[in-house]
Amino acid sequence: MLIVANWKAYVEDLARAKKLLAVSKRLARQSQATIVLAPPAPLLGALALNNRSNVAFAAQDISVTTGGAQTGEITAGAFEAVGAAYALIGHSERRARGDTAVSVAEKISHALAQGLRPILCVGEPERDAEGRYLSFIREELTSALSAVAPRERAEIIVAYEPLWAIGKSADAAASANDLGEMTLYIRKVLAELLPGRPSPEASARRGKSSRESLVLYGGSVEPDNIRDLAASSGLDGFLIGHASVDPRLFAASVKQLA
Ligand code: PGA
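From a predicted model like this one, the values you see are computed outputs, not experimental measurements.

Side chains that differ in sign of charge can pair as their charged atoms come close. Here the structure, examined in full by the defined rule, presents 14 salt bridges. Residues Arg127 and Asp178 are paired through a salt bridge, measuring 3.7 Å at the closest nitrogen-oxygen approach. Of this pair, Arg127 sits in the loop between β5 (117-122) and α6 (132-144) while Asp178 sits in helix α7 (residues 176-193), placing them 51 residues apart in sequence. Residue class for Arg127 comes out partly exposed when judged on its relative accessible area of 27%. Assessed through its relative accessible area of 29%, Asp178 is described here as partly exposed. Between Glu192 and Lys188 there is a salt bridge, and its shortest N-O distance comes to 3.6 Å. Of this pair, Glu192 and Lys188 are both found in helix α7, 4 residues apart, which corresponds to roughly one turn of the helix. Since its relative accessible area comes to 45%, Glu192 is described here as partly exposed. Classification of Lys188 as partly exposed rests on a relative accessible area of 40%.

In structure tokens:
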């Protein structure tokens, strides 16, 4: 399982960041999980530079530019230079601050060009009885992956993060059942968008192909629900927000997967 810890802007001091890194290294040693930390950019620089541990790092966002006279921008290249291996792209909190379908697609291209694995966040604002949320997810995937070449398909990680489930507590998260259906739906859309990828049916028959994109879930993942969500839905991992910056909750969540 891939566990991505989205620290958002919760962590602002280096001592706390170092403590969370130490906890994460221990968890990575003790469990089967792959742990990726997404700290605020300056803290990522401080922790990831010369990092030789079993924990990897993700940018929380990258610039839509590739460099030059762009004051305040942090490019994919700059993140790669200090040791990031992944980049969250299109998180709803970034979309709320101006990310668009076009900028998300550009950022995916920049990440891939710099060797960062994009973690593309998609999620509907609400669930309607008519199922319009499904076309919303299809549209977000289609526009974001418009410039991705089929040979890059194994790099793409999709994090399904319904907006209505973010930042609450375990009982507000997606249900295991709904999540199982959505995971399958995302795999189906990815199979259409990235030709040559095995179909969901074929992968189910053969076991998971290493060429298949990973699908994660995020939104109020806590120790109380992570095991059920993991067991039911065919997910490859989780994107954890508030519970990832509390060492006790984070450790308890990861241990539930052991
Ligand atoms: P949450 O955040 O776990 O606090 O709901 C998840 C996310 O927004 O990535």
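Attention shifts here to the site of the ligand. Around the ligand, the neighbouring residues are Asn6, Lys8, His91, Glu161, Ile166, Gly167, Gly219, Ser220, Leu239, Ile240, Gly241 and His242. His91 places a side-chain nitrogen or oxygen 2.8 Å from an oxygen atom of the ligand. One of the side-chain nitrogen or oxygen atoms of His242 is found 2.6 Å away from an oxygen atom of the ligand. For the ligand, the accessible surface in isolation is 280 Å², of which the surrounding protein chains cover 100%. Tallied by class, residues from the shell around the ligand come to 3 nonpolar, 7 polar and 2 charged.

Attention now moves to the side chain of Lys107. Topologically, Lys107 is positioned in helix α5 (residues 101-113). At 3.0 Å, the side chain of Lys107 and the side chain of Asp61 are in polar contact. Among residues more than four places away in sequence, those in contact with Lys107 are Asp61, Ile62, Ser63, Val64, Ile89 and Asp99.

Okay, the pairing of strand β1 (residues 2-6) next. Burial analysis of β1 places 5 of its 5 residues in the buried class, the great majority of the element. Side chains Leu2, Val4 and Asn6 project from β1 onto one buried face, and the interleaved Ile3 and Ala5 project onto a second face that is buried too. Since β1 and strand β2 (residues 34-38) lie parallel, the crossover through helix α1 (residues 14-30) that links them has a hand, and here it is right-handed. Two strands pair when backbone bridges link them, and β1 and strand β8 (residues 237-240) are joined in this way by 4 bridges, in the parallel orientation. The partner of Ile3 across the bridge, within β8, is Phe238.

What counts, and at which threshold
- Residues numbered from 1 in each chain as written.
- Predicted model: local features only at pLDDT ≥ 70, side-chain atom pairs only at ≥ 80, totals over all residues.
- Heavy atoms only, no water.
- Salt bridge = Lys/Arg side-chain N within 4 Å of Asp/Glu carboxyl O.
- Helix = DSSP H or I, 4+ residues; strand = E, 2+ residues; numbered from the N terminus.
- Buried < 20%, exposed > 50% of the residue type's maximum accessible area, 1.4 Å probe, protein only.
- Near = heavy atom within 4 Å.
- Polar contact = N/O pair within 3.5 Å; in protein donor to acceptor, adjacent residues only side chain to side chain.
- Areas by Shrake-Rupley, 256 points an atom, 1.4 Å probe, with all protein chains shown as cover.
- Nonpolar A, V, L, I, M, F, W, Y, C, P; charged D, E, K, R; others polar.
- Contact = heavy atoms within 4.5 Å.
- Right-handed = clockwise from strand over helix to strand, strands pointing away.
- Pairing = 2+ DSSP bridges.

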